[in-house]
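# Observations on the three-dimensional arrangement
Chain residues, written in single-letter form:
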Amino acid sequence: MLRLIIFGPPGAGKGTYATRIAEILGIEKISTGDIFREEVSKRTELGKKVEEYLRRGVLVPDEIVIKVVRDRIERLHGRGFILDGYPRTTAQARALDEITTIDAIINLVIPDEIIIEKLSGRRICSRCGAIYNIIELKKIINGVEYILPPLPPRKEGVCDVCGGELIQREDDRPEVIKRRLEVYKRQSKPVIEYYKARGVTFINIHVNREPPVIINRILNALREKGLLD
Ligand SMILES: [Zn+2]
């Protein structure tokens with residue numbers, strides 16, 4: 001029964017890795033982003049509040065996020081989990097310490113340059129939302145070799161699944177990504193320092209290959225730390 005947190009910059013594939021790790025280990029993925037999206041689409045009281053914050057372009061206040069995560073963890077009755085998108089602030093981290101203990105933090109490491117290039121190659125189907133990538137990336141940065149294969153559609157600009165037109169999301173443009181990376185760095189730094197000061201186990205993983213390789217690396221690291229059989 002593992003209690004994990006996953007950290008990583010936007011574009012590192014955090015959500016994908018959290019989902020796969022949760023499936024493989026039989027633990028719950030708790031993603032605040034997913035929870036809020038679900039509440040918004042169901043038009044619940046919480047969803048309406050969250051929608052209002054998003055409309056004003058401000059973060060959902062700590063007290064709301066903390067309550068949502070506390071409820072989810074309590075409902076697990078001791079089952080393991082992997083937190084994605086939480087904690088974002090040291091107040092959220094402190095609140096988490098009052099609810100449970102964390103066995104390890106999986107910290108995805110990937111240089112800005114790679115994220116910007118990779119996301120600029122992302123294409124999304126305007127009809128069904130299927131995701132493709134037209135950029136093949138091969139680069140060495142600080143001695144780490146990045147080999148990230150493309151995921152192109154069979155026919156350029158056309159979705160394999162539904163024949164819809166492929167578009168580039170506004171969010172995936174370099175200027176937008178750079179801004180999001182800056183925000184991430186500013187926000188995550190105190191949280192990471194908080195956990196380092198508390199001596200929580202950090203598992204740093206370079207995201208320099210395709211997802212199955214990275215998943216195996218994460219599982220092996222958990223075994224090496226004695227957290228997994
Ligand atoms: Zn499609």
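Quick caveat, the model's predicted, so the values are computed rather than measured.

What counts, and where the lines are drawn
- Residues numbered from 1 in each chain as written.
- Predicted model: local features only at pLDDT ≥ 70, side-chain atom pairs only at ≥ 80, totals over all residues.
- Helix = DSSP H or I, 4+ residues; strand = E, 2+ residues; numbered from the N terminus.
- Rg over C-alpha atoms; globule rule 2.2 N^0.38 Å.
- Buried ≥ 20, exposed ≤ 12 C-beta atoms within 10 Å, placed from the backbone.
- Contact = placed C-beta atoms within 7 Å.
- Pairing = 2+ DSSP bridges.
- Core = buried A, V, L, I, M, F, W, Y, C linked by C-beta atoms within 7 Å.
- Expected span 1.5 Å × (residues − 1).
- Arc of directions from axis to C-beta.

A tally of helices and strands in the protein chain yields eight helices and ten strands. Taking 229 residues into account, the globule formula puts the C-alpha radius of gyration at 17 Å, and the protein chain, at 18 Å, falls close to it. For the protein chain, the spread of C-alpha atoms along the three principal axes comes to 50 × 45 × 30 Å. Expressed as a percentage of the 229 residues in the protein chain, the buried residues total 23%. Long-range contacts, defined here as pairs at least 24 residues apart, represent 72% of the contacts in the protein chain between residues at least 6 apart.

What follows concerns the sheet that holds strand β9 (residues 166-167). What the three strands build is an open sheet, ordered β6-β5-β9; its pairing is antiparallel. The strands lining the two open edges of the sheet, one partner per strand, are β6 (131-133) and β9. Direction of pairing for strand β5 (residues 122-125) relative to β6: antiparallel, over a ladder of three bridges. Considered in β6, the bridge of R123 is made with Y132.

In this section: the nonpolar core. Within soluble globular proteins, side chains that are nonpolar generally end up buried alongside one another. In this structure, L4, I6, Y17, I82, L83 and L108 are the most contacted members of the largest nonpolar core, which totals 29 residues. Mapped by element, the contributors of at least two residues to this core are β1 (3-7), α1 (14-25), α4 (62-75), β3 (81-84), β4 (104-109), α6 (112-120) and α8 (211-224). Discounting residues that sit within four places of it in the chain, I82 has contacts with L4, I6, A18, I21, A22, I27 and K29.

Let us look at α1. For α1, built from twelve residues, the straight-helix expectation of 16 Å at 1.5 Å per residue is met to within 8% by its first-to-last C-alpha distance of 16 Å. Here α1 has its buried residues at K14, Y17, A18, I21 and A22. Viewed along the axis of α1, the buried residues span an arc of 130°, placing them on a single side of the element. The elements touched by buried residues of α1 are β1, β2 (28-31), β3, β4 and α8. In the segment just after α1, G26 is the residue with positive phi, at about 65°.

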